[in-house]
Amino acid sequence: MPFTPNRDFKLSPRLLASASGVTYQTADGGAVLDGISGLWCVGAGHKHPKIAESMKTQIDTLDFASSFQVGHLGAFKLAERIASIAPKNLDRIFFVNSGSEACDTAMKMALAYWRVRGQGHRNLFIGRERGFHGVGFGGISVGGMINNRKVFGASLLRSDHLRSTWDPANQAFVKGEPEHGYEMADELESRIIALHGADNIAAVVIEPIACSTGVLVPPKGYLKRIREICDRHELLLIFDEVITGFGRTGNMFASTTFDVVPDMILFAKTVTNGAAPLGGVIVSRLIHDTLMHGPRHMAELMHGYTYSGHPLSCAAALAMIDVIEQEGLLEQVNALSPYFEEAVHSLADLD
Ligand SMILES: Cc1ncc(COP(=O)(O)O)c(C=O)c1O
């Protein structure tokens with residue numbers, strides 16, 4: 001079992017049997033509140049009927065089609081739909097099956113982009129301490145969770161890390177974005193670029209809000225500052241929105257919430273409401289057009305997965321975007337956020 005103490009689990013298995021809305025039924029007849037939304041992926045509640053219906057229709061129409069050398073309508077329709085809700089200028093989509101694959105894919109795209117531009121020596125990646133980008137070798141290289149890295153350390157990609165934005169001495173119990181700490185972004189320039197040289201760096205990969213080691217909302221202005229430094233030194237900026245994407249911050253993407261547009265966005269999880277595996281990378285037109293290079297009969301990016309853009313996943317995602325839009329889920333997030341914020345802070349006050 002993934003990320004599970006297997007022997008311990010077998011002594012006392014926690015087995016789920018069914019789900020509906022925000023509740024799981026356990027195999028022994030109990031009920032559990034799904035307070036973590038599956039694994040941060042069931043934003044519209046379990047077994048949403050519109051998503052189920054879309055998937056049922058799809059499996060009766062086209063159960064599988066490869067995306068190698070052929071395409072299918074659902075994948076193109078979904079790509080157009082995602083392009084229409086993504087931040088401006090990010091409108092080219094590559095589908096994968098998970099957040100980990102999205103991260104590795106984006107990192108490969110960054111390497112390919114610089115190679116086409118005659119700068120193949122840009123192969124160092126910058127991540128951040130306490131970051132999580134899945135479990136592929138790319139993702140753990142830029143990730144900053146020690147237990148996920150230490151066993152595999154000898155085989156990681158070249159990387160360096162910004163420090164985490166979490167600064168409890170100045171940020172504990174603040175509401176929303178902390179006032180203090182935006183200057184932590186400056187070390188990208190003063191320490192990392194100064195040490196390695198911008199012309200050796202392929203990309204900076206960070207989550208707009210780091211989620212796996214506590215929900216670490218960035219200090220006010222931090223992400224804008226990172227964007228400015230990346231612009232100044234021509235570094236690609238990749239936002240991992242695997243958790244924050246598709247509504248969690250009250251907009252479709254946290255990039256919109258923080259008003260900072262990266263060069264690539266990674267998504268997965270809530271895009272299908274968890275009903276089928278799907279992830280992807282949204283890239284800028286510039287990156288896409290740069291990669292469209294070489295003889296026309298050759299694949300431009302030698303990369304992809306058997307289940308990239310699986311028809312069932314695309315059907316689930318198309319229905320999920322409808323649900324978010326038609327059922328006002330973004331508005332609901334915005335309306336509920338202050339309530340949860342108050343509740344969390346009143347618990348903190350009790351301490
Ligand atoms: C920010 C972030 N990136 C990537 C991943 C990896 O996604 P997956 O488990 O689908 O590979 C996760 C998973 O929690 C995540 O939180």
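The structure reproduced in this document is the subject of the present report.

Cut-offs and rules
Residues numbered from 1 in each chain as written. Predicted model: local features only at pLDDT ≥ 70, side-chain atom pairs only at ≥ 80, totals over all residues. Heavy atoms only, no water. Helix = DSSP H or I, 4+ residues; strand = E, 2+ residues; numbered from the N terminus. Buried < 20%, exposed > 50% of the residue type's maximum accessible area, 1.4 Å probe, protein only. Contact = heavy atoms within 4.5 Å. Areas by Shrake-Rupley, 256 points an atom, 1.4 Å probe, with all protein chains shown as cover. Lys, Arg positive; Asp, Glu negative; His and termini not counted. Charge placed at Lys NZ, Arg CZ, Asp CG, Glu CD. Patch = residues over 30% accessible without salt bridge, like charges linked within 9 Å, V, L, I, M, F, W, Y side chains within 5 Å. Salt bridge = Lys/Arg side-chain N within 4 Å of Asp/Glu carboxyl O. Near = heavy atom within 4 Å. Polar contact = N/O pair within 3.5 Å; in protein donor to acceptor, adjacent residues only side chain to side chain. 1 Å grid on protein atoms, 1.4 Å probe; cavity = no way out; pocket = protein on both sides within 12 Å on 5 of 7 lines; lining within 4 Å. Sits in = over half its atoms within 2 Å of the grid points. Nonpolar A, V, L, I, M, F, W, Y, C, P; charged D, E, K, R; others polar. Points joined across faces, edges and corners; volume = space filled by probe spheres on them. Domains from an automatic or database assignment. Core = buried A, V, L, I, M, F, W, Y, C linked by side-chain atoms within 4.5 Å. Phe/Tyr/Trp six-rings, centres within 6.5 Å; stacked < 30°, edge-to-face > 60°. Lys NZ or Arg CZ within 6 Å of the ring centre and 35° of its normal. Axes fitted to C-alpha atoms, helices over the stretch in contact; angles between N-to-C directions. Parallel < 35°, antiparallel > 145°, perpendicular 65-115°, else oblique.

A few points about the overall build of the chain
Next up, step 1: Summing up its helical and strand segments, the chain has 14 helices and ten strands in all.
Next up, step 2: Seen through its C-alpha atoms, the chain measures out along the principal axes to roughly 60 × 60 × 45 Å.
Next up, step 3: Burial analysis of the chain (351 residues in total) assigns 47% to the buried set.
Next up, step 4: Long-range contacts, defined as pairs at least 24 residues apart, comprise 73% of the intrachain contacts of the chain with a sequence gap of at least 6.
Next up, step 5: By element, 57% of the accessible surface of the chain is carried by carbon and sulfur atoms, the whole surface being about 17,900 Å².
Next up, step 6: The centroid of the 31 positive side-chain charges in the chain is displaced by 5 Å from the centroid of its 38 negative side-chain charges.

Observations concerning a nonpolar patch on the surface
Next up, step 1: Taken together, the side chains of Phe137, Val151 and Phe152 make up a nonpolar region of the molecular surface, amounting to roughly 310 Å² of accessible area.
Next up, step 2: The residue Val151 is located in the loop between helix H7 (146–149) and strand E6 (159–162) in this model.
Next up, step 3: With relative accessibility at 65%, the residue Val151 sits in the exposed group.

Overview of the site of the ligand
Next up, step 1: In the vicinity of the ligand, the contacting residues are Ser98, Gly99, Ser100, Phe132, His133, Gly134, Glu207, Ser212, Asp240, Val242, Ile243 and Lys269.
Next up, step 2: Contact between the ligand and Gly99: an oxygen atom at 2.9 Å from a main-chain N or O atom of the residue.
Next up, step 3: Side-chain polar atom of Ser100 to an oxygen atom of the ligand: 2.5 Å apart, as the coordinates give it.
Next up, step 4: Here the ligand loses 81% of its free accessible area of 390 Å² to cover by the protein chains.
Next up, step 5: Judged by the proximity of its atoms to the pocket grid, the ligand belongs to the second largest pocket.
Next up, step 6: Looking at the shell around the ligand, its residues break down into three nonpolar, six polar and three charged.

Brief notes about the layout of surface pockets
Next up, step 1: For the second largest pocket, the calculated volume is near 1,300 Å³.
Next up, step 2: Counting residues per element, the lining of the second largest pocket draws most heavily on helix H2 (residues 37–40), which supplies three residues.
Next up, step 3: Class assignment of the residues belonging to the lining of the second largest pocket gives a composition of 24 nonpolar, 13 polar and seven charged.
Next up, step 4: Residue contributions to the lining of the second largest pocket reach at least three from each of two domains, namely domain 1 (6–35) and domain 2 (49–350).

Brief notes about the nonpolar core
Next up, step 1: Core analysis: the biggest nonpolar cluster contains 33 residues, and Leu78, Ile82, Phe95, Phe246 and Ile282 have the highest contact counts within it.
Next up, step 2: When contributions to this core are tallied by element, the ones reaching two or more residues are helix H3 (49–61), helix H4 (73–85), strand E4 (90–96), strand E9 (264–267), helix H13 (311–326) and helix H14 (329–350).
Next up, step 3: It is H13 that provides the largest number of residues to this core, a total of ten residues.
Next up, step 4: Those residues in contact with Phe95 that lie beyond four places of it in its chain are Ala75, Leu78, Ala79, Ile82, Phe267, Leu278, Gly279, Gly280, Ser308 and Gly309.

A look at the packing of aromatic side chains
Next up, step 1: Summed over all chains, the structure comprises six aromatic pairs.
Next up, step 2: Relative to Phe267, the ring of Phe95 lies with its centre 6.5 Å away and its plane at 85 degrees, an arrangement referred to as edge-to-face. With Phe95 in strand E4 and Phe267 in strand E9, this pair connects stretches of sequence that are 172 residues apart.
Next up, step 3: Using a relative accessible area of 9% as the deciding quantity, one classes Phe95 as buried.
Next up, step 4: Between Tyr339 and Phe340, the ring centres sit 5.5 Å apart and the planes meet at 75 degrees, which makes this aromatic pair edge-to-face. Each member of the pair, Tyr339 together with Phe340, is exposed.
Next up, step 5: Ring-pair connections join several aromatic residues into one group, and the members of that group are Phe95, Phe246, Phe253 and Phe267.
Next up, step 6: Over the aromatic face of Trp114 sits the side chain of Arg122, whose NZ or CZ is 4.0 Å from the ring centroid.

Thoughts on the packing of helix H9 (residues 187–196) against helix H10 (residues 222–233)
Next up, step 1: It is at 10 Å that the axes of H9 and H10 come closest, and there the two elements cross at 45 degrees. Classified by the interaxial angle, the pair formed by H9 and H10 is oblique. Here Leu188, Glu189 and Ile193 of H9 lie close against H10, whose contacting residues are Ile226, Ile229, Cys230, Arg232 and His233.
Next up, step 2: The class makeup of the residues in the contact of H9 with H10 is five nonpolar, one polar and two charged.

Digging into unusual backbone geometry
Next up, step 1: Phi angles above zero are rare outside glycine, and Phe3 is one such case at about 45 degrees.
Next up, step 2: Tracing the backbone through its elements, the reader meets Phe3 in the segment before helix H1 (6–11).
Next up, step 3: Phi is positive for Ser37, which is not a glycine, with a value near 60 degrees.
Next up, step 4: As for its placement among the helices and strands, Ser37 is situated in helix H2.

Function-wise, these values are silent; they only describe arrangement.
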